[in-house]
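# Fold and contact review
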Amino acid sequence: MKFKKIVDVLEELEKTGSNNKMRDILADFFQDCPDSDLKQATYLLAGRISSEYRGVVTGMSDKLVLQSVAKASGRDLKKVKKIFRKKGDIGETAEELIGRRKEKLSVKNVFEELNEIAEASGEGSQDKKIISLAELFKKVSSKEAKYIARLVVGTMRTGSGDKTILDALAVAFTGSADARKELDKAYHVHPDLGYLAEKIAKRKLKGIKSVGISFKRPVKAMLAQRVKSFDEIFRKIRGKMAVEEKYDGERMQVHVKGDRVKLYSRRLEDISSQYPDVIKAVKKQIKCDSCILDGECCAVDDKGRLLHFQVLMQRRRKYNVEKYVEKIPVCLFLFDLLYLDGKSYLQKSYPERYKALKSVVKKQNNKLKLANRIVTRDKEKIKKFFNRMIKKGAEGVLIKSMADDSVYKAGTRGWLWIKWKKEYAEGMMDTFDLVVVGGFKGKGRRSYSYGSLLCAVYDTKSKKFDTFTKVGSGFTDKQLKELPKKMKKFKVKEKPKSVNARKDMKPDVWFKPSVVIEVLGAEITKSPLHTAAGGLALRFPRFLRYRPDKSAKQATTVKEIRQMK
Ligand code: ATP
């Protein structure tokens, strides 16, 4: 199939704002797509060049793509940059400058060339990437160049996301959107749209139901609900419960097969190279043929006492890893098991999973141990445990159902896990993970930085980021100073399509929704200024910290703030 077909679909998607229309456009395409192209076409339509969990990216920024455009078009780089500044979009810039060649390339050609660009690494790789992309540009039409440029930087701007693609696959191959629930489940266990497209095309719902868990394929993490009162926990969870310390670190999924170990973050990134010490501990202390474990990795001091999340974030690095292994030791606290010796445990109850987890942990020490927990339904005992955890610096506790139906719900925030944090117990508001979408320039003493950041919550239904508050306090002087530099690469010319803001909301700068910050708020009130949940806003927000472990779509949702109001 010609790549032009994909371009036609992307163009149609870009023209419509309706989710249903987008679903129908995609479904029509999928029905006619030859089997041999389906996988790659699905990735490209999702704006990717691989599955979500493999997360292959070209590693090219706007700046590098502009150099390829200059090379391919024979124009002066300065002129290319000027056009880019005027247009504010890398795709439209490429479209204007790249020649009008006939569309000859196939989906396979483009997909493979983009993956080759992604593969280039090490010394001189930037130049290689620029040249390879310029060569690709020389072979395509203006329209093709537009979408290739956007694919390369990872911003499709069509407004359709993974959810629309799942809807379209359900409609195209089963005739109705009813199969979406099963598709969602499968997607959480195997986050790979291309793979799922092939499965559903070949074997319909049966194919989707057969999707399983395996080594080196991270599963989306199960999440916890919040409650407004302590008593509500007992209405939501029946019978005995496991009450566990809530660690303030980085979620870690551990995959073991023989002597191979892989570690994945909550965003499904492969973080194995950052934690050679965790890998060593897992090899020594976990005994089984193969397993997949869930836990939280925290920075600890030499006595094994927990340190702040911010300390752990220094371990997020490509270089000097060994030095930081020494400088910032960590401990992995395990609390779940999803797979053991060839068998999925996702559908087993939590007590069964925990029993299996205990059986594989052969040794516990300050490098790896089971999470602190008690099993009870006694309110006083739970309060005592909670207070003990808070005293030693924990965020709170997680309370987990032990009922027969307490399965591992991958990618879902359900009532089987409930979090109870210090803030709730003190009658304070919870913290919010908000997406930075705009910036207001600072005045007077703050003129070197932003005075406040326009922040949004995520609406899973409309797939938009709705503005919720402006955050101006809580930053240290150092953080303020670094803010303009940190946000620079996310600046965009106009309000991104994915941001839902009132017309009169006019920040000095718009940002591509990428950076997530944790914010403490005093109260949620009605406000005519913001769009969240039809006009809710957070009052007196205070910046607490950056959340690099969360992607924009993993921010607090509109549904959550409605529940918290
Ligand atoms: P928060 O911002 O409150 O940490 P979150 O949005 O990051 O919340 P939640 O699902 O609300 O995530 O809370 C669960 C998170 O708490 C998990 O993602 C995990 O990283 C962390 N956690 C710490 N200790 C545990 C534990 N014992 N069991 C499960 N999750 C735990």
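Residues numbered from 1 in each chain as written. Predicted model: local features only at pLDDT ≥ 70, side-chain atom pairs only at ≥ 80, totals over all residues. Heavy atoms only, no water.

Let us now look at the overall build of the chain. If you tally the helices and strands in the chain, you get 21 helices and 21 strands. Here the chain has a C-alpha radius of gyration of 24 Å; the compact-globule value for 565 residues is 24 Å, and the two agree. Its C-alpha atoms give the chain principal-axis dimensions of roughly 75 × 60 × 50 Å. Counting all 565 residues of the chain, 56% fall into the buried class. Here the contacts in the chain between residues at least 6 apart in sequence split such that 72% fall between residues at least 24 apart. Positive and negative charge centroids in the chain, built from 126 and 72 side chains respectively, lie 3 Å apart. (Helix = DSSP H or I, 4+ residues; strand = E, 2+ residues; numbered from the N terminus. Rg over C-alpha atoms; globule rule 2.2 N^0.38 Å. Buried < 20%, exposed > 50% of the residue type's maximum accessible area, 1.4 Å probe, protein only. Contact = heavy atoms within 4.5 Å. Lys, Arg positive; Asp, Glu negative; His and termini not counted. Charge placed at Lys NZ, Arg CZ, Asp CG, Glu CD.)

Here we come to the domain arrangement of the chain. Along its sequence, the chain is organised into domain 1 (3-153), domain 2 (223-425) and domain 3 (430-564). On a C-alpha basis, the centroid separation for the pair domain 1 and domain 2 is 40 Å. (Domains from an automatic or database assignment.)

Right, let's get into unusual backbone geometry. If you check the backbone angles, K216 has positive phi at about 65 degrees while not being a glycine. The residue K216 is located in the loop between α12 (193-209) and β1 (223-226) in this model. For N320, which is not a glycine, the phi torsion comes out positive at approximately 55 degrees. By relative accessible area, which is 47% here, N320 ends up partly exposed.

Turning our eyes to something else, we now look at the packing of aromatic side chains. On inspection of all chains with the given rule, the structure shows 13 aromatic pairs. Ring centres 4.9 Å apart and planes at 40 degrees place the aromatic pair Y458 and F465 in the tilted group. Just as Y458 is buried, F465 falls in that class too. Ring geometry for F543 versus Y546: centroids 5.1 Å apart, planes at 65 degrees, classification edge-to-face. Judged by its relative accessible area of 2%, F543 is buried. Taken together, the aromatic side chains of F230, F234 and W420 make up a single cluster linked through ring pairs. Of note, K486 hangs over the ring of Y546, and the distance from its end group to the ring centre comes to 4.1 Å. (Phe/Tyr/Trp six-rings, centres within 6.5 Å; stacked < 30°, edge-to-face > 60°. Lys NZ or Arg CZ within 6 Å of the ring centre and 35° of its normal.)

With respect to the secondary-structure elements, V499 resides in strand β16 (residues 499-500). Taking the C-alpha atoms as reference points, V499 and V457, separated by 42 residues in sequence, lie 9.8 Å from one another. Setting aside residues no more than four positions away along its own chain, V499 makes contact with V437, F465, T467, W510 and P513.

It is at 10 Å that the axes of helix α8 (residues 125-138) and helix α9 (residues 142-153) come closest, and there the two elements cross at 155 degrees. By the angle between their axes, α8 is roughly antiparallel relative to α9. For the pair α8 and α9, the crossing hand works out as right-handed. For the pair formed by α8 and α9, the contact residues are L133, L136 and F137 on the first element and A145, I148, A149 and V152 on the second. (Axes fitted to C-alpha atoms, helices over the stretch in contact; angles between N-to-C directions. Parallel < 35°, antiparallel > 145°, perpendicular 65-115°, else oblique. Left-handed = near helix turned anticlockwise from the far one by under 90°.)

For the rest of this paragraph, the subject is the nonpolar core. Counting 74 residues, the largest nonpolar core has F30, V65, F137 and I148 as its most contacted members. Residues contacting F30, with those up to four places away along its chain left out, are L38, T42, L45, I165, A168, L169, A172 and F173. Among the nonpolar cores identified, the runner-up in size contains 38 residues, and A299, L312, Y324 and Y354 belong to it. (Core = buried A, V, L, I, M, F, W, Y, C linked by side-chain atoms within 4.5 Å.)

Take the site of the ligand next. In the vicinity of the ligand there are 20 residues, among which K246, E296, K419, K421 and K550 approach most closely. Between the ligand and K246 there is a distance of 2.8 Å, counted from an oxygen atom to a side-chain nitrogen or oxygen. Here an oxygen atom of the ligand and a side-chain polar atom of K550 are 2.6 Å apart. Taking 600 Å² as the accessible area of the ligand by itself, protein coverage stands at 96%. Ranked by the residues each element gives to the shell around the ligand, the list is headed by strand β11 (residues 413-421), at four residues. Across the shell around the ligand, the residue classes tally to six nonpolar, no polar and 14 charged. Here the shell around the ligand spans two domains, since at least three of its residues come from each of domain 2 (223-425) and domain 3 (430-564). (Near = heavy atom within 4 Å. Polar contact = N/O pair within 3.5 Å; in protein donor to acceptor, adjacent residues only side chain to side chain. Areas by Shrake-Rupley, 256 points an atom, 1.4 Å probe, with all protein chains shown as cover. Nonpolar A, V, L, I, M, F, W, Y, C, P; charged D, E, K, R; others polar.)

Bringing the pattern of salt bridges into the picture now. Tallied over the full model, the rule gives 39 salt bridges. One salt bridge connects E95 with K143, and the closest N-O pair in it is separated by 3.0 Å. Remark: K143 occurs in helix α9 and E95 occurs in helix α6 (residues 90-97); sequence separation between them is 48 residues. The structure contains a network of salt bridges with shared partners spanning K246, D248, E395, D433, E518, R545, R547, D549 and K550. (Salt bridge = Lys/Arg side-chain N within 4 Å of Asp/Glu carboxyl O.)

Before going further, it helps to examine the sheet that holds strand β2 (residues 241-246). Spatial strand order, β1-β11-β10-β2-β9: five strands in an open sheet with mixed pairing. Two strands in the sheet have a free side with no partner beyond their single neighbour: β1 and β9 (373-376). Put simply, the sheet's adjacent strands are angled 35 degrees from each other on average, direction ignored. Bridge count for strand β10 (residues 396-401) against β11 is five bridges, and the pairing is antiparallel. Across the sheet, V397 pairs through a bridge with W420, a residue of β11. (Pairing = 2+ DSSP bridges.)

As a further point, take a positive patch on the surface. Positive charge collects at one region of the surface, where K63, R75, K79, K81, K82, R85, K86, K441, K488, K491 and K493 lie side by side. Among the elements that line the positive patch, the one with the most residues is helix α5 (residues 77-87), at five residues. Its relative accessible area of 54% is what places K441 among the exposed residues. (Patch = residues over 30% accessible without salt bridge, like charges linked within 9 Å, V, L, I, M, F, W, Y side chains within 5 Å.)

Taking 1.5 Å of rise per residue, the 17 residues of α12 would be expected to cover 24 Å, yet its terminal C-alpha atoms sit only 15 Å apart, more than 12% below that figure. Of all the bends in α12, the greatest measures close to 135 degrees and is centred on R203. Buried within α12 we find L193, G194, Y195, L196, A197, I200, A201, G207 and I208. Against the buried residues of α12 lie α3 (35-45), α10 (162-174) and α11 (180-189). (Expected span 1.5 Å × (residues − 1). Bend = angle between axes of the 7 residues up to and from the residue.)

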